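Working through the structure, step by step
Given next are the chains, with one letter for each unit.
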Amino acid sequence: MPFDPQQPERVDVVALNILKTISSPLSVEESSCDVTASIGIAQTCGTSPTSAEQVIHEADIAMYQAKKAGRNRYSWFNPAMESELRIRSDLENSIRKAIAEGEFVPYYQQQVDIETGDLVGFEMLAHWQAPHMNGITAEVFIPVAEEIGAIAALSESLIRTALNDAKQWDPRLVLSVNISPVQLRDPWFSQKLLHMLIESGFPPERLEIEITESCLHDQIGTVRSMITSLKNQGIRISLDDFGSGYSSLTQLRSLPFDQLKIDRSFVTGLADDEANRKLVEAIVSLAKGLNLPVTAEGIESEPVHQVLRSMGAMKGQGFLYGKPQSAWETSAMLAERNLLIAPMEHPAPDDRAHRSLMPKHGQAG
């Protein structure tokens, strides 16, 4: 389409008209079909390339940018997009290679009884143990792994390792594991998990699976079936990041959850924010009414700890109780507390590549 570079809005109008036309409902036999488009726009003006292949390449990149921005929209190409695409491609390839080479390892964050201070378990977090990927957090690599279909392989390798680590711990300690919404779409997931439990010899009653509220919004039927299957195996189910998603009272009543985890966004500034305090009190009251234990995430200061303690019995986790640690560090800490029932099987830190912690995703791993 020829256009005046000084009037790019003419192209915008055409793109918007295309989107509007395509999105008009279509009648297909007795059904109605809704279609949307993502449009990428490139130009040959100024210093832009003139070869058809390069223009199409740039338009394709811009189209994927429109998809990333939410679909049913258009996007003009700019050079930064190509750089971003190259970085993303490198990251995807690195993730696949890291899974094959075992670079993803579990780290463990303490969970404590807020009232007594006793250690009650650990949450497993994903950590990318590779010098060249130092600083790439789980908030970055987990969503990418989900999008490229690699999250199941990544998560299952972490869970398998964590089960073998945790069976050395005192039998009173629980292992919590985050499950990606993508994994809950797999009808064989519960069978895979049962196989890993049998393979490791880890007791199902010491395993807690955490799922996020977003799962309930998208696939409530599948989630209900999956939760029932997991509970039949003796596994406990926790609703993670409660308060940040879409769950309703009806879903809480109808789904057999064993615990609620209060989202860290409500907890971190609890001591200084009256509105947050009231919200947390409401969540705790709701959980008590449903006879569900509560865990508060993101506890980073003693004042927050004291506020939560005043609300009654619950578990807590956060940097106040210690940063997430490697399997070796966790085993060493448990040995000091006489909470280890088997010798440590992991090499000392000097023999391993230890890098910065990979923080929790919203979370898988």
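Position numbers for residues count from 1 along each chain, tracking the sequence in the order it is written. Owing to the predicted nature of the model, reporting of local features is limited to residues with pLDDT of at least 70; listing and counting of side-chain atom pairs is limited to 80 or more, with chain, interface and lining totals taken over all residues. With hydrogens and water excluded, all non-hydrogen atoms of the structure serve as input to the side-chain values.

**Looking at the packing of aromatic side chains**
To be explicit about the condition: Only the six-membered ring of Trp is used, alongside the rings of Phe and Tyr, when aromatic pairs are assigned; centres must lie within 6.5 Å, and planes under 30 degrees apart are stacked while those over 60 apart are edge-to-face, with the rest tilted. Numbering goes from the N terminus for both helices and strands, where a helix is a DSSP run of H or I of at least four residues and a strand is a run of E of at least two. The classification of residues rests on relative accessible area computed with a 1.4 Å probe and restricted to protein chains. Under 20% of the type maximum is buried, over 50% is exposed, and intermediate values are partly exposed.
Enumeration over the complete set of coordinates arrives at 7 aromatic pairs. Ring centres of Phe104 and Phe141 lie 5.0 Å apart, and the angle between their planes is 45 degrees; on these two criteria the pair is classed as tilted. Linking Phe104 in strand E5 (residues 104–113) with Phe141 in helix H4 (residues 138–147), this pair joins segments that are 37 residues apart in sequence. For the pair Phe104 and Phe141, one class covers both residues: buried. With a centroid separation of 5.7 Å and an interplanar angle of 85 degrees, the aromatic rings of Trp128 and Phe141 are classed as edge-to-face. Highlighted residues: Trp128 in strand E6 (residues 119–128) and Phe141 in helix H4, separated in sequence by 13 residues. There is no split in this pair, since Trp128 and Phe141 are both buried.

**With respect to the layout of surface pockets**
The cut-off we apply is this: Here a cavity means grid points, on a 1 Å grid over the protein atoms only, where a 1.4 Å probe fits yet cannot get out; a pocket means an open set of points with protein on both sides within 12 Å along at least five of seven lines; lining residues are those with an atom within 4 Å of a point. Grid points are joined across faces, edges and corners, and a volume is the space filled by probe spheres set on the points. Any residue outside Ala, Val, Leu, Ile, Met, Phe, Trp, Tyr, Cys, Pro, Asp, Glu, Lys and Arg is labelled polar, Gly included; the first ten of those are nonpolar and the last four are charged.
Put simply, the largest pocket is a space of about 550 Å³. Lining the largest pocket are 17 residues, and of these Tyr64, Lys68, Leu85, Arg88 and Glu147 lie nearest its centre. The set of elements that each furnish at least two residues to the lining of the largest pocket consists of helix H2 (52–68) and helix H3 (79–101). Split into classes, the residues belonging to the lining of the largest pocket amount to 6 nonpolar, 3 polar and 8 charged.

**What about the packing of helix H6 (residues 189–200) against helix H8 (residues 220–232)?**
Note the threshold: Note on geometry: axes are lines fitted to C-alpha atoms, helical ones only across the stretch in contact, with angles between N-to-C directions running from 0 to 180 degrees. For classification, angles of less than 35 degrees are called roughly parallel, those exceeding 145 degrees roughly antiparallel, those between 65 and 115 degrees roughly perpendicular, and all remaining angles oblique. The crossing is said to be left-handed when, going from far helix to near helix, the turn is anticlockwise and less than a right angle, and right-handed when the turn is clockwise. Any two residues whose heavy atoms approach within 4.5 Å at even a single point are treated as in contact.
Taken N-terminus to C-terminus, the directions of H6 and H8 make an angle of 20 degrees; their axes are 9 Å apart at the nearest point. By the angle class used here, H6 and H8 are roughly parallel. Of the two elements, H6 crosses H8, and the hand of that crossing is right-handed. Here H6 contributes Phe189, Ser190 and Leu193 to the contact with H8, which in turn contributes Met226, Ser229 and Leu230.

**Quick notes on the nonpolar core**
Put simply, the test is: Buried Ala, Val, Leu, Ile, Met, Phe, Trp, Tyr and Cys residues form a nonpolar core when they are joined through side-chain atoms within 4.5 Å.
With 78 residues, the main nonpolar core has Ile95, Leu175, Leu207, Ile209 and Leu308 as its most contacted residues. Sorting elements by how many residues they give to this core places helix H5 (residues 151–166) first, with 7 residues.

**Brief notes about the packing of H5 against H6**
Viewed as axis vectors pointing N to C, H5 and H6 meet at an angle of 30 degrees, and their least axial separation amounts to 9 Å. Relative to H6, the element H5 is oriented roughly parallel. In this structure, H5 crosses over H6, and the sense of that crossing is right-handed. Taken together, the residues of H6 that come into contact with H5 (itself represented by Glu156, Ile159, Arg160, Leu163 and Asn164) are Lys192, Leu193, Met196, Leu197, Glu199 and Ser200. The class makeup of the residues in the contact of H5 with H6 is 5 nonpolar, 2 polar and 4 charged.

Taken by themselves, the reported measurements are silent on function.
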